[in-house]
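# Summary of structural features
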Amino acid sequence: MKKFAVVAAMATAFLGSTAYAAELEVTHWWTSAGEAAAIAEFAKVFEEETGNTWVDSALAGSGTGANPVIISRIIGGNPMGATQMNTGRDAEELIQAGLMRDLTDIVADLDIDSFYVDQELLEPCRYEGGLYCLPINIHSWDWLWLSTAAYEKIGQPVPTNWNEYVASWPALEEAGILPFALGTGWPINGIPGVLMAGIGGTDLVMQVNRDKNADAVRGPEFRKVAEAMDMLRSVVSPETMVPSFGDAGNQLLSGDAAGNIHGDWLQGDLQIAGGVPGEDYECLPALGLGTQLTGGGDSFYFPVLPEGTDPAVIEAQEQLARILISPEAQLKFNLVKGSMPIRTDIDLSGANACMTKALALLDNGLLPSGDFSLSSDTQKQLEDLNLEFIADDNISVDDYVERYATIIDQAD
Amino acid sequence: MADIATQSDQVAGDSSRPGPFRRLFLHNLSAKIAAIPMVATVLIIFVGCTIWTVYYSFTNSRLLPRNDFVGFDQYERLFATSRWNVSITNLLLYGSMSLVLTLTLGFLLAVLMDQKVRFESAFRTIMLYPFALSFIVTGLVWQWIMNPTLGLQGTMRGLGWAGFTFDWISNPRMVLFALLIAGLWQGVGFCMILMLAGLRGVDEEIWKAARVDGIPTWRTYISVVLPMMRGVLVTAVVIIGSGIVRLYDLVVALTNGGPGISSEVPAKYVYDYMFGGGNIGQGLAASTMMLLTVLIIMVPWAYLEFGGKGRRS
């Protein structure tokens, strides 16, 4: 490690005199306005501190569209320098197959155990004693976003929890306001998990996601969740869906729609669009009902590069790994992204009202999200089921519960 | 294949010709050497990969192939999945409508084009132009046109026709027809060109004879010209058919399978589970079923066309 420090010091010292800098290709799927601004913060710090070039390869389509491209590039022998993926099991087999770089030695002197906010986060990165990824933020799906403008129009106070929100739907519909905004495609995926944590509670999440207990799905607690999905279905229709989650955020700001369940990264977009929490929109963590958030997030992976790669690029990987979890980069990135930093030791006085609420809940510990405990195969099956259920009124709540249970039963 | 077998049987029986070995390997040697790369490609890429696909569809391979056999488990799960069943139904409906309509419209347009119209080449260019666009572009263009708020419906309502409705793309019952419109717009021109080439290949003497016999023009087209265009028809069916089975990019660009799962197709299922779900076994089981479907249609037809009595020799 000393050697590394010397090399790094020399690299910094000679920065001015050497014309050569490594180019490191970084893939990610942060393409919405808020997300792109956040990843630019990482790029800025990386380029300033190392003099290397950050080659930005943004991929469209989020986890469903971009993930396959990233995975097939790594399997196909054309790895990128570094890549973002969701913290969880998506890269599990890539790690097992030895396609990812072991980061243990690179971060050994940083003593990461001491500052990571929750050791659970590092769990998916560990395999046979090695450390194969670095979680860089904590994201949570568990947010109900409400439009202040919409509630002003109908002359009601902004709801403080899910039940009040549901009760306000008839008045909203009467005023021609869309009760629930929804982007097409994947944004529906996270909603059952949010309802499960908020309405069903901690025990239900643990039983379904961690223990994969199909009987819990068939039980009365999950039924409430399914019924909530059924209610959502009654106010959502294909004609009213907008192309992306960012558009749903704009509907909230303009007051065309009253509410939306979406992850905290929506906040990055709301801020870019000029929204102020508490004034233009309200945020209710865990639907205003629960006390714990389900936590997922993003991690950075560093694929093993093929033999003959320029050593400067391999070194750039190491530099980036250390920078991503450094206090400076963590603070800049997460304030823009709207996510919670993975470090406990940084000053978050710059955090806005919503983030402060989240940080308070973070002290109660994180619930494992679907990303953590379910394989991508199982997640995909649940995603198909949810898409079908929302669009097709012929599927009864009973069918939904039964099919959900079957998938959980076969889950691995 | 059966054709070659019959031929070599005949040759083996003829003692004045070289033996089967020499006939198989040495006759026309340079041509055979020249064909080796193609034969190797077919054997390794097509046959080899097909065998690989079927083999691993019986394993529980996830992100990476594994030799852990699970029998027909992947197939059982496949047919218990409503998305797969919807995909198959969609493909059958879309496929039959697309095949019939492309051929009919293509033939009709070709006949119209064959009436020695002025500016024929200009019309031909216009009709063939959509074919120069990829399915992704086609899908995006039609997505905008058919979008209820931004496209045709919105424009007509904006012009004052408040009752105008064209929301097929967001209507689960009509979304297949939305796909069909885009697919036909893209594919009919090419079919027309093929048919036109076929029509031009029919000898002028045939037309004169038909006219002498006083046969009406429409009757000549259907009973005389169409059967003579058999080769072109077969080519068109094969090209359109293969396009239907691998239907993927149009769906992704136009509807992405939605609303809900109402416009899903098998090829998309394969891709989504193989890469998105990281489940190779399931994806390969689905692609094996696609292969099987094609074989069920192709084998009897190929047997009738090329097999039997070796008609071509």
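Residues numbered from 1 in each chain as written. Chains lettered and ligands numbered in written order. Predicted model: local features only at pLDDT ≥ 70, side-chain atom pairs only at ≥ 80, totals over all residues.

Looking at an unreviewed UniProt entry, chain B carries the name Sugar ABC transporter permease, with the source organism given as Devosia elaeis. Per UniProt, the comment on chain B under Subcellular location (unreviewed entry) is "Cell membrane". The record held by UniProt for chain B lists under Sequence similarities (unreviewed entry) the comment "Belongs to the binding-protein-dependent transport system permease family." (UniProt positions renumbered as here; feature names shortened; annotations may be inferred.)

The name that an unreviewed UniProt entry assigns to chain A is Probable sugar-binding periplasmic protein, with the source organism given as Devosia elaeis. Under the heading Function (unreviewed entry), UniProt records this for chain A: "Part of a binding-protein-dependent transport system for a sugar."

Further remarks concern the domain arrangement of chain A. Residue and element names in this part refer to chain A. In terms of domain boundaries, chain A breaks down into domain 1 (2-139 + 295-353) and domain 2 (143-294 + 394-410). For domain 1 and domain 2, the distance between their C-alpha centres works out to 31 Å. Taken together, the contacts link 17 residues of domain 1 with 14 residues of domain 2. By residue number, the principal contributor to the side of domain 1 that touches domain 2 is helix H2 (residues 33-50), which donates five residues. Of the residues belonging to the side of domain 1 that touches domain 2, the class tally is five nonpolar, ten polar and two charged. (Domains from an automatic or database assignment. Contact = placed C-beta atoms within 7 Å. Helix = DSSP H or I, 4+ residues; strand = E, 2+ residues; numbered from the N terminus. Nonpolar A, V, L, I, M, F, W, Y, C, P; charged D, E, K, R; others polar.)

With that settled, consider the pairing of strand S3 (residues 82-86) of chain A. Residue and element names in this part refer to chain A. Most of S3 is tucked away, with five of its five residues classed as buried. Across two bridges, strand S1 (residues 23-28) lies against S3 in parallel orientation. Pairing of Val26 across the sheet is with Ala82, part of S3. One ladder, built from four bridges, connects S3 with strand S11 (residues 293-301); its direction is antiparallel. Among the inter-strand pairings, Gln84 is bridged to a residue of S11, identified as Phe300. (Buried ≥ 20, exposed ≤ 12 C-beta atoms within 10 Å, placed from the backbone. Pairing = 2+ DSSP bridges.)

Here we come to the UniProt feature "domain: ABC transmembrane type-1" (unreviewed entry) in chain B. The positions UniProt marks with the feature "domain: ABC transmembrane type-1" (unreviewed entry) are residues 88-301 of chain B. Secondary structure within residues 88-301 of chain B divides into 73% helix and 0% strand; the distance between the first and last C-alpha atoms comes to 21 Å.

Residue and element names in this part refer to chain B. Along its sequence, chain B is carved into domain 1 (1-56) and domain 2 (74-306). In this assembly, six residues from domain 1 lie in contact with seven residues from domain 2. Those elements giving two or more residues to the side of domain 1 that touches domain 2 turn out to be helix H1 (2-13) and helix H3 (29-56). A per-class count over the side of domain 1 that touches domain 2 returns three nonpolar, two polar and one charged.

Residues and elements named next belong to chain B. In the numbering used here, UniProt assigns the feature "transmembrane region" (unreviewed entry) to residues 33-58, 91-113, 125-145, 174-199, 220-245 and 284-304. Its end C-alpha atoms 22 Å apart, residues 125-145 is made of 71% helix and 0% strand. Regarding residues 220-245, the helix share stands at 96% and the strand share at 0%, and the terminal C-alpha atoms are separated by 33 Å.

Of the residues lining the interface, 22 residues belong to chain B; the matching set on chain A comes to 21 residues. Looking at the side of chain B that touches chain A, the elements with two or more residues in it are helix H5 (82-113) and helix H14 (266-276) of chain B. Examining the composition of the side of chain B that touches chain A, we find that four residues originate from one element, H14(B), more than from any other. Tallied by class, the residues present in the side of chain B that touches chain A amount to eight nonpolar, ten polar and four charged.

Residue and element names in this part refer to chain A. The phi dihedral of Asp111 is positive, around 55°, even though this residue is not glycine. Mapped onto the elements, Asp111 comes out in the loop between helix H4 (92-96) and helix H5 (112-115). Here Lys212, not a glycine, exhibits a phi torsion of approximately 50°, which is positive. Inspection of the secondary structure assignment puts Lys212 in the loop between helix H10 (202-210) and helix H11 (214-218). Take Lys212: there are 18 C-beta atoms within 10 Å of it, and that puts it in the partly exposed class.

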